[in-house]
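A structural walkthrough
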Amino acid sequence: MPKISEPKIFRPEPGDPGRPARGLDDDALRAQITIYRDDMLAGQTVLISGAGSGMGKAAAYLAARLGANVAICGRDPAKLESTASLIRAACDREILCVAANIRDPDAVETMIGQVHDHFGGLDTLVNNAGGQFPQDAIDFSRKGWLAVIDTNLNGTWWMMQEAAKRWRADGKPGNVINIVANVERGMPQAAHTCAARAGVIYLSKTMATEWAALNIRVNCIGPGVIETEGFRMYPEEALARFHKANPMRMRGNAWDVAEAIAYLASPAARFINGDLIVIDGGQAQWGVVWPAGMPEYFADDDGAA
């Protein structure tokens, strides 16, 4: 971890050990230390979307390590099996893997039903699945715009609504954790996901009120620059300066987010509702990430991060 007073200068050259990491591999995940006791989530059932890699995989592994019954879903069965294999080897536990596209509300309904049938219920839903690509908004294709909105906003809603319907029908409490983004100052070159994630944040705040009568809590986590496999989407010149977007001059990793998810899934968070937990090293009040590379227009402004 670099000292704040002596930030490391990252360079984009291939082979440079200082290049941004592409996430925590299985060995790195197994080596992570948690502050939580081993049985903190024992008896709880947690469903995590997009858990084949990155933050979702880390969250699934940590939840299993803390004793939870874990179900994961995603579009790629091979990636889901990778997460399941890690959990079997590291935690000696089985998890439920369901290949499903969250854009399809019928598939979501079936998948939520499978989780209930397999575990006898659901306690926490973690909406982590999503995706975007870096591009100037003026150049978005109609198909590209709709794909991001459909996954990040509509897909999240189908999951939330179906889980809430089952909780209402069963007369049981529920907990929704939506993984969004740091949208407070906008997201240049990611306007599509900014629009979708902002929608999810205020959807969550609204549902936190509507569903309080059903004893369903809804909260969001807004990660900043987090090193995951998703970094492959961005050019090296952009990655090389991502850490400059926050005053700590650092990048987070998937474990930072996984531990926040575990906290919101735990009894300690019982009085947190309608909130947004930001994990960004202070980026919200400091700088802007340019995921496609800083435009020349801004490059000479030393005050812009």
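Residues numbered from 1 in each chain as written. Predicted model: local features only at pLDDT ≥ 70, side-chain atom pairs only at ≥ 80, totals over all residues. Heavy atoms only, no water.

Observations regarding the overall build of the protein
If you tally the helices and strands in the protein, you get nine helices and nine strands. The 305 residues of the protein split such that 49% are buried. Counting only contacts in the protein whose residues sit at least 6 apart along the sequence, the fraction spanning at least 24 positions is 78%. (Helix = DSSP H or I, 4+ residues; strand = E, 2+ residues; numbered from the N terminus. Buried < 20%, exposed > 50% of the residue type's maximum accessible area, 1.4 Å probe, protein only. Contact = heavy atoms within 4.5 Å.)

Quick notes on the packing of helix α4 (residues 105-119) against helix α5 (residues 142-170)
Two elements in contact, α4 and α5, have axes separated by 9 Å at closest approach and are oriented at 45°. Classed by the angle they form, the pair α4 and α5 counts as oblique. The chirality of how α4 crosses α5 is right-handed. Between α4, through P105, V108, E109, M111, I112, G113 and H116, and α5, the contact on the second element is made entirely by W158, M159, E162, A163, R166 and D170. Residues that form the contact of α4 with α5 fall into these classes: seven nonpolar, two polar and four charged. (Axes fitted to C-alpha atoms, helices over the stretch in contact; angles between N-to-C directions. Parallel < 35°, antiparallel > 145°, perpendicular 65-115°, else oblique. Left-handed = near helix turned anticlockwise from the far one by under 90°. Nonpolar A, V, L, I, M, F, W, Y, C, P; charged D, E, K, R; others polar.)

Examining the sheet that holds strand β9 (residues 276-279)
The parallel open sheet is built from seven strands, whose spatial order is β3-β2-β1-β4-β5-β6-β9. Of all strands in the sheet, those bounded by a partner on one side alone are β3 (96-99) and β9. Adjacent strand axes in the sheet meet at a mean angle of 15°, parallel and antiparallel pairs treated alike. With six bridges joining them, strand β5 (residues 174-179) and strand β6 (residues 216-223) adopt parallel strand pairing. Looking at β6, one finds that I177 is bridged to N219. Of the strands in this sheet, β2 (69-74) and β3 touch helix α3 (residues 77-91), which is tilted by about 170° from β3. (Pairing = 2+ DSSP bridges.)

Let's talk about the side chain of N178
Tracing the sequence through the fold places N178 in strand β5. Those residues in contact with N178 that lie beyond four places of it in its chain are N127, T156, M160, V200, S204, V218, N219, C220 and I221.

Some points on α4
For α4, built from 15 residues, the straight-helix expectation of 21 Å at 1.5 Å per residue is met to within 8% by its first-to-last C-alpha distance of 21 Å. Along α4, the residues that are buried comprise V108, M111, I112, G113, V115 and H116. Each element contacted by the buried residues of α4 is listed here: β1 (45-49), β2, β3 and α5. Of the residues flanking the start of α4, the one acting as N-cap is D104, its side-chain oxygen 3.0 Å from the backbone nitrogen of D106. G120 lies just past α4 and shows a positive phi near 80°. (Expected span 1.5 Å × (residues − 1). Polar contact = N/O pair within 3.5 Å; in protein donor to acceptor, adjacent residues only side chain to side chain.)

Some thoughts on unusual backbone geometry
With phi around 55°, D92 is a residue other than glycine that occupies positive phi space. For D92, a relative accessible area of 71% gives the class exposed. Despite not being glycine, N215 shows a phi value in the positive range, around 60°. Along the chain, N215 falls in the loop between α6 (191-210) and β6.

Overview of the environment of D25
Within the secondary structure, D25 is located in the segment before α1 (26-31). Residues D25 and G54 lie 29 residues apart in sequence; the distance between their C-alpha atoms is 9.1 Å. Of note is the side chain of D25, whose polar atom sits 3.3 Å from the backbone nitrogen of D27. Separated by 2.8 Å, the side chain of D25 and the backbone nitrogen of A28 make a polar contact.

Here's the deal with the environment of M187
Tracing the backbone through its elements, the reader meets M187 in the loop between β5 and α6. Each C-alpha atom of the pair M187 and V288 lies 7.3 Å from the other, and the pair is 101 residues apart in sequence. Each residue touching M187, except ones within four places of it in the same chain, is listed here: A181, N182, T193 and C194.

Focus: the packing of helix α2 (residues 54-65) against helix α8 (residues 254-265)
One way to put it is that α2 packs onto α8 with a least axis distance of 8 Å and a crossing angle of 50°. In terms of orientation, α2 lies oblique with respect to α8. Judged by the twist between their axes, the crossing of α2 over α8 is right-handed. Listed contacts from α8 to G54, M55, A58, A59, Y61, L62 and R65 of α2 are A254, W255, V257, A258, E259, I261 and A262. Each residue belonging to the contact of α2 with α8 can be placed in one class, and the counts come to 11 nonpolar, one polar and two charged.

Considering the pattern of salt bridges
Within the structure shown, the criterion is met by four salt bridges. Residues R88 and E81 are paired through a salt bridge, measuring 2.8 Å at the closest nitrogen-oxygen approach. Overall, the relative accessible area of 34% leaves E81 in the partly exposed class. A salt bridge links E94 to R88; the shortest N-O distance between them is 3.0 Å. For E94, a relative accessible area of 55% gives the class exposed. Of the residues examined, R88 reaches a relative accessible area of 30% and is grouped as partly exposed. (Salt bridge = Lys/Arg side-chain N within 4 Å of Asp/Glu carboxyl O.)

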